[in-house]
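Fold and geometry: a report
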Amino acid sequence: MKSLAIVLGVGALVVGAVTQAQAEEKIHELNASPTTVHRGFFDFSLKPVLTIDSGDIVRLTTTTGNPRYFEALGVPKEKIPPELHAAFEGAPGEGRDDHTLTGPIAVRGAEMGDTVEIKIRSIELWLGIGAMSFRANRGSLPEDFPYSRDRVFFFDPAKKAIEFAPGVVVPTKPFWGVIGVAPPRSMGRVPSGPPNVFGGNMDNHDLQPGTSLFLPVHFAGANISIGDGHAMQGNGEVGMSAMETSMRGEIQVILHKGMRTTWPRAETPTHYMTMGLHEDLNQAAKIATREMLNFISTTKGLPRDDVLMLLSAAMDLHVTQIVDGTKGIHAMIPKSIFQR
């Protein structure tokens, strides 16, 4: 009975600690607005619009589609959601502004040499308007398309499918194309188009709810920015554009002190994932493979030559995207093969 009492007491302490930790989780609301977004770049010197503690939850919205872009394509003003008019008030130009990024979000205590884990808790379509496009002499088949084209799509977010053409209905698979931290100070301001060691425009459709994305901290606070909502996108993004639209979702940010990460890495509910980013697709594949080799060897205690054979037997390489200058490969290996 004494032993049972001790066990019950320990259990109560554990439950109490978990309950206390849950109670301490703070939920923040961060909606896209003229004062909470930046467009088309990452910069270590950009001031945070929100500061959170490790473990906090952020409910956020991201917007895609400057109303002037839709109006230029003949969309009546009344068919453009008022949320877009409000979010893009004062925005320059008539571009779609896919990379309208909500943030930065600073994490207290984050320093160079740490890692932030961004737990993607939910993502869903928000506004029922989106667009796709390709540009003349660009993309994966520049020689075949010497002209540009834009298309606007209207849809019901609740249906989770979009009619692409008569008789062609594509299921939605929402995700954020851009999730990144501030780049190293030495890089200064960088365009958000090419992804890099800070993450950014990875266009990885496997970063779904239930997935944790791990990014290295390059600047105090980490300064996380998120945007570029995609209703769906195939691996490769061969036409230069996904179905670009506005999103709402929820993330939780965990700070890992002293955890050194070199390239973006992720864990889905079923797989470990590493990412390679390089102008040369072959080099991107090497980076993704080497990162997975190092990760499995370190975390599972296996010799590197055994791990290389394991990767050849059980790991898949996916072409993330090939149209952003810096190309992406992400490697995935099932967690289920590791039984201890």
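Described in the following lines is the structure provided in the data block.

**Some remarks on the pairing of strand β7 (residues 115-134)**
One face of the sheet, then the other: side chains in a regular strand alternate in exactly this way. Here five bridges tie β7 to strand β14 (residues 212-216), and the two strands are oriented antiparallel to one another. What sits directly across from Thr 115, in β14, is Pro 216. Inspection of the sheet shows β7 paired to strand β16 (residues 244-256) by twelve bridges, in the antiparallel sense. Residue pairing across strands places Ala 131 opposite Glu 244, the latter belonging to β16. Pairing geometry for β7 and strand β8 (residues 149-154), over six bridges, is antiparallel. Bridging across to β8, Phe 134 finds its partner in Arg 149.

**Describing the pairing of strand β10 (residues 168-171)**
Across four bridges, strand β9 (residues 161-165) lies against β10 in antiparallel orientation. Bridged to Ala 161 within β10 is Pro 171. Once β9 ends, the chain turns through two residues before running back antiparallel as β10, passing Gly 167 with a positive phi of about 85 degrees.

**Things to note about the nonpolar core**
Ranked by internal contacts, the top residues of the largest apolar core, which has 44 residues, are Val 116 and Trp 176. A per-element tally of this core places β7 first, with five residues. Those residues in contact with Val 116, other than ones at most four positions away along the chain, are Val 107, Val 181, Leu 213, Phe 214, Leu 215, Val 217, Ala 222, Val 253, Ile 254 and Leu 255. Among the nonpolar cores identified, the runner-up in size contains 15 residues, and Phe 295, Ile 296, Val 307 and Ile 329 belong to it.

The rules behind each value
- Residues numbered from 1 in each chain as written.
- Predicted model: local features only at pLDDT ≥ 70, side-chain atom pairs only at ≥ 80, totals over all residues.
- Heavy atoms only, no water.
- Pairing = 2+ DSSP bridges.
- Helix = DSSP H or I, 4+ residues; strand = E, 2+ residues; numbered from the N terminus.
- Core = buried A, V, L, I, M, F, W, Y, C linked by side-chain atoms within 4.5 Å.
- Buried < 20%, exposed > 50% of the residue type's maximum accessible area, 1.4 Å probe, protein only.
- Contact = heavy atoms within 4.5 Å.

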